[in-house]
Structures are given as structure tokens and as C-alpha cells.
Amino acid sequence: MTEHVEWSEPEVAATPVNPAVTPADAADAARLVAFGLQPKLQPARDQEYAELLRRYREDPPFARLADAVATGLGLVVLEVSPRAGMAVTAAEDSVFAVRMGDYARRTAADSGDRFLHGLAHLAVAAMAFPRPEDLADDGYIGRVSVNGVDAFVRQACRRLEERAEEQGENTDPATDAPGLEAAWRIWARRSAAGATKDARRLAGSTTGIVGKAVVFLTDSGFLQRTGDDSGGTYRTTARYQLQVRDMAGSAALAELLELGIVPVTDGTASLLPSEDTDDLELVADAGLPFHS
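Described below are features of the structure shown in this document. Being a predicted model, the structure only gives us computed values, none of them experimental.

1. Some words on the pairing of strand S2 (residues 85-90)
Consecutive residues of a regular strand have side chains that alternate between opposite faces of the sheet.
Item 1. Burial analysis of S2 places six of its six residues in the buried class, the great majority of the element.
Item 2. Strand direction decides the pairing type here: strand S1 (residues 75-81) and S2, joined by six bridges, are antiparallel. The partner of leucine 75 across the bridge, within S2, is alanine 90.
Item 3. Connecting the antiparallel pair S1 and S2 is a turn made up of three residues.

Here you go:
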């Protein structure tokens, strides 16, 4: 006798259906990204910003939506937190990307000075966060001064010049071919300050170039001015730490730190012996937070 077996369709577990994204959700996500593009805005001082940050942290679908909006604008989300807000940086192909050449032109500088402007930004980053543990510590606050950064770079110049002499390289290239000079040679020859008739710092002096760098970083929400000593003193913000942390692998920054010039957090710099390393070349258009 044949036994008949009844077959039935297997039960399918009900798949939770995520609520559809509404135009209001998209608007809120875009609003959060817009807040992130205002680097000086602090979440603690804006209730709507703080609420959107809370929603980002507690509502994963909303967080994904905000991330997608940022990606579509060519932005990279570095961190979303009460301390930093929605910290974003521009990808190389983003409309928000600032390029070293554009920055130099904005400062009315000679195009050949892109070397120096890039080097100034690298030096500020190196002085602000000289050790890996400084970048890793969310509570760390770096301090820099205009004169301290200039002194730091000039010590780097001397270190590089010593290496060039040891290796028998030409340390006095033709003055009519500045494009062939290394950035350190140009910086070493440039006046540290100079002055206009009303005692203002010359824009093309090295402290003038550093001054432009720190003003730009302050306007971008990366530094906060703390005083007028030493040409101007500044402290770092959470956003700048995230920016430098994101760019810490750049060859130019690593090379500058490897020179053995160890800055300290009072805005001054000291020269310490370093282990022998290969000769270093600073990339002409390298500079935080720019794209070449």
C-alpha cells in the first residue's frame, strides 16, 4: 500500500520592510551635510544640528542616507560626533576640493610660491601633531605659532642642507631657474619677515606665508586663534585632528617628520638628531588640506 505524503510550500519568514525614504528624510540628511560644510558651526550651539547628529547616531537608515548624500557631493565623512559635528573632507574630484594652485592664486602669490605655501601647511600639521599618539588621542590639543612654524621650517632647511652637502649635491642652483630649486632652498633664501612702511608683515615673507596658512585654517574651522604672541598663536580643533589623521600617510608629511625636528606644543620647535634616512624631496604642490 502506497502512503501518500502531503507536501506543502515552506513557510517564508516575513521580511521586515524598511519604511520608504521620504522627501523629508532626504532633506534632513542634506541639511546635516550642509551643517558639516560649515566648519565653524558647533553642534552645542545649534539645536537643529545637535538633533540631526543624534538622529544620525541612533537611526542607521538615516545615517546611510546622509552618507550617500555626502558621497554624491564628493565628500568623505571623517567622523560624526558631538565633538566634531559632521566632519567631512573633499575628495579630489569634489566641487568642494581646494587645490594648492587655487589657494596660492587666492593669496595673490607668485605661482612659483606654491612650494612655500604647501610647505607652510605641512609644517603647521607636523607641529600640531608631531607624534602618532597625538593624532590617536581625541583629547589632544596641539598649539602652534606663526614664528614657531617658520623656525621649524628653517631648521628643516638647515637639516636638508647638511644632507645635501654630505652627499656632495649642488646647494646653490642657478637663481634664474627657481623651478629646479628644492622648496627648502627657496624658503631659506626668503626673508623671514620684512615689513611694509606701516610695519605690516610682507605677504611674500616666510612668516607672511605662514600667517596666510593659519588664517586659512582658522577660517576653515581647523584652528582657533589664542593670542598675538610670536606672530599669532593658535590651538587645534577636533576637525583639524581628523583632517591630519586622514592625511597622515602622505609622503610629504612623513618626510618632514622624519627629519628629526621635534616640535613641542608651546608653538616653538627644537632640533634633535635623527637616524640616517634617505635624502628627502618635498613635493611641490603637496600641502594640507589641499589636492595637488
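The rest of the description comes next.
2. Digging into the pattern of salt bridges
Item 1. Counting across every chain of the model gives 14 salt bridges.
Item 2. In this structure, the salt-bridge partner of arginine 55 is aspartate 25, at a minimum N-O distance of 2.7 Å. Taken together, the positions of arginine 55 in helix H2 (residues 47-58) and aspartate 25 in helix H1 (residues 23-36) put the pair 30 residues apart, joining distant regions of the chain. Of the two residues, arginine 55 and aspartate 25, neither departs from the other in class, the shared state being buried.
Item 3. In this structure, glutamate 48 engages arginine 31 in a salt bridge whose closest nitrogen and oxygen atoms are separated by 3.4 Å. Of this pair, glutamate 48 sits in helix H2 while arginine 31 sits in helix H1; the two residues are 17 residues apart in sequence, bridging distant segments of the chain.
Item 4. Judged by relative accessible area, which is 39%, glutamate 48 ranks as partly exposed.
Item 5. For arginine 31, a relative accessible area of 35% gives the class partly exposed.

3. Details of the packing of aromatic side chains
Item 1. Here the structure, examined in full by the defined rule, presents four aromatic pairs.
Item 2. Ring geometry for phenylalanine 129 against tyrosine 140: centres 5.9 Å apart, planes inclined by 50°, an arrangement best described as tilted. Linking phenylalanine 129 in the loop between helix H5 (114-128) and helix H6 (132-136) with tyrosine 140 in the loop between H6 and strand S3 (143-145), this pair joins segments that are 11 residues apart in sequence. Side by side, phenylalanine 129 and tyrosine 140 carry an identical accessibility label, which is buried.
Item 3. Between phenylalanine 222 and tyrosine 240, the aromatic rings sit 5.7 Å apart at their centres with planes inclined by 40°, giving tilted as the arrangement. Note that phenylalanine 222 is positioned in the loop between helix H9 (206-219) and strand S4 (223-227) and tyrosine 240 in helix H10 (residues 238-246), a separation of 18 residues in sequence. Here phenylalanine 222 matches tyrosine 240 in class, with each residue buried.
Item 4. Three or more aromatic residues link up through ring pairs in this structure, and these residues are Phe129, Tyr140, Phe222 and Tyr240.
Item 5. Seen from the ring of phenylalanine 62, arginine 55 lies directly overhead, with NZ or CZ sitting 4.1 Å from the centre.

4. Focus: the environment of asparagine 147
Item 1. Within the element layout of this structure, asparagine 147 appears in helix H7 (residues 146-166).
Item 2. Overall, the relative accessible area of 37% leaves asparagine 147 in the partly exposed class.
Item 3. Considering only alpha carbons, one finds asparagine 147 and serine 230, 83 residues apart in sequence, at a separation of 5.2 Å.
Item 4. With residues near it in sequence (within four places) discarded, asparagine 147 still touches Thr207, Ser230 and Gly231.

5. Focus on unusual backbone geometry
Item 1. The phi angle at serine 230 is positive, at roughly 55°, despite the residue not being glycine.
Item 2. Relative to the assigned elements, serine 230 resides in the loop between S4 and strand S5 (233-236).
Item 3. We classify serine 230 as partly exposed; its relative accessible area is 39%.

So, how was this worked out
Residues numbered from 1 in each chain as written. Predicted model: local features only at pLDDT ≥ 70, side-chain atom pairs only at ≥ 80, totals over all residues. Heavy atoms only, no water. Buried < 20%, exposed > 50% of the residue type's maximum accessible area, 1.4 Å probe, protein only. Helix = DSSP H or I, 4+ residues; strand = E, 2+ residues; numbered from the N terminus. Pairing = 2+ DSSP bridges. Salt bridge = Lys/Arg side-chain N within 4 Å of Asp/Glu carboxyl O. Phe/Tyr/Trp six-rings, centres within 6.5 Å; stacked < 30°, edge-to-face > 60°. Lys NZ or Arg CZ within 6 Å of the ring centre and 35° of its normal. Contact = heavy atoms within 4.5 Å.

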